[in-house]
Amino acid sequence: MRRAMAALGLAGLLAGSAMAAPTRPATSLERTRTHAMRYHLALPEGWTPERTWPVVVVVPDASRDFEDNLSAFVAERGARPFILVAPEVMTCGGARSRLRELYACTDSEWVAIDPAHEFVFDDAGIGAALEDVSHRWHGERQAFLTGWEAGGHTVWAQALQHPARWRAVAPVSPNFQGRGLGARPATAKSTALALQVFRCGAPTGLGATAIQYVDQQIPTAVAEALARGIQPRMPVKVVAGADHGPLPGPVLDWFATFLAR
């Protein structure tokens, strides 16, 4: 049912009289014009095609609940002008959590996705989604990026392979195992990318176990970034009292500091 509702897209329903403006759903499910990847979209309050809008790409953990993760950011966005985008990436976790029923693609599209080249699929799909958002929704071409826990695999690969694609990057309590990375350049040149790692300060339950692996993997990710000419902002921002999760409030607060620059 949730998929069926999302598939209605941004057509909206006429509210009140025939002269009333259409009411848009909080999120909609879209497909890029040039790629099989779907993405969930949430336009900001007061959106019009008369200007361009900053874009935030959000990646979930291994649960791959793209819509609910996006909704957490919608709830924290308030009146800030971010277009929020959740592409249905394949790389936010391992094979055990990559389940067909979590994706909106067709059966034939699913079969055609080679698990051995999932980072290639995601790289092209994210690029196509950003192009689509720019063309259809007037989003800025250089976007913000965040993702948490296993979503860190996607985020680190994107940040380290395509730093020019992103205005700022915020990995949140992220995993890192070097997945999806090509060879380092022979000579690392300094790359201007604002990259700030966030960490939940009070994880509970399984999150308290997961954070032990995160704490082991963050220094390795930072070292890899440095080797590629990217200098993450240190120290890691620990959000006091926050349970294991995507930290949409602190992340959007940080991204908002770039809007006046």
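In the block above lies the structure referred to throughout.
**Brief notes about the overall build of the chain**
- When helices and strands are counted, the chain shows seven helices and ten strands.
- Among the 261 residues that make up the chain, the fraction classed as buried is 52%.
- Considering only contacts in the chain between residues 6 or more positions apart, those separated by 24 or more positions represent 75%.
- Working note: accessible area of the chain is about 11,900 Å², and carbon and sulfur atoms make up 57% of it.

**A look at the environment of P54**
- Tracing the backbone through its elements, the reader meets P54 in the loop between β4 (38-42) and β5 (55-59).
- Overall, P54 belongs to the buried group, its relative accessible area being 3%.
- Separated by 90 residues in the primary sequence, P54 and F144 have C-alpha atoms spaced 7.9 Å apart.

**Comments concerning the side chain of D122**
- Position of D122 relative to the elements: it lies in helix α4 (residues 118-137).
- Despite being buried, D122 has no salt bridge partner; R64 is the closest side chain of opposite charge, sitting 6.8 Å away.
- With near-sequence residues (within four places) excluded, D122 lies in contact with M37, V89, M90 and T91.

**Section: the sheet that holds strand β3 (residues 28-31)**
- Across the sheet, which stays open at both edges, the eight strands sit in the order β3-β4-β6-β5-β7-β8-β9-β10 with mixed pairing between neighbours. A single partner strand is all that each edge strand has here, and the edge strands are β3 and β10 (233-239). Strand-to-strand twist across the sheet, computed as the mean angle between neighbouring axes with direction ignored, equals 25 degrees.
- Where β4 lies against strand β6 (residues 83-87), four bridges are found, and the strand directions are antiparallel. Directly across from A42, in β6, lies its bridge partner L84.
- Strand contacts of helix α2 (residues 66-77): β4, β5, β6 and β7 (143-149), with the helix running at about 165 degrees to β6, the strand carrying the most contacts.
- Each of β7, β8 (166-174), β9 (194-200) and β10 is contacted by helix α6 (residues 206-227), which is oriented at about 140 degrees to β8, the strand it contacts most.

**Quick look at the pairing of β9**
- Most of β9 is tucked away: seven of the seven residues are buried.
- By the alternation rule, side chains of β9 split into A194, Q196, F198 and C200 and L195, V197 and R199, which are all buried.
- In terms of handedness, the path from β9 via α6 over to β10 forms a crossover that is right-handed.

What counts, and at which threshold
- Residues numbered from 1 in each chain as written.
- Predicted model: local features only at pLDDT ≥ 70, side-chain atom pairs only at ≥ 80, totals over all residues.
- Heavy atoms only, no water.
- Helix = DSSP H or I, 4+ residues; strand = E, 2+ residues; numbered from the N terminus.
- Buried < 20%, exposed > 50% of the residue type's maximum accessible area, 1.4 Å probe, protein only.
- Contact = heavy atoms within 4.5 Å.
- Areas by Shrake-Rupley, 256 points an atom, 1.4 Å probe, with all protein chains shown as cover.
- Lys, Arg positive; Asp, Glu negative; His and termini not counted.
- Salt bridge = Lys/Arg side-chain N within 4 Å of Asp/Glu carboxyl O.
- Pairing = 2+ DSSP bridges.
- Axes fitted to C-alpha atoms, helices over the stretch in contact; angles between N-to-C directions.
- Right-handed = clockwise from strand over helix to strand, strands pointing away.

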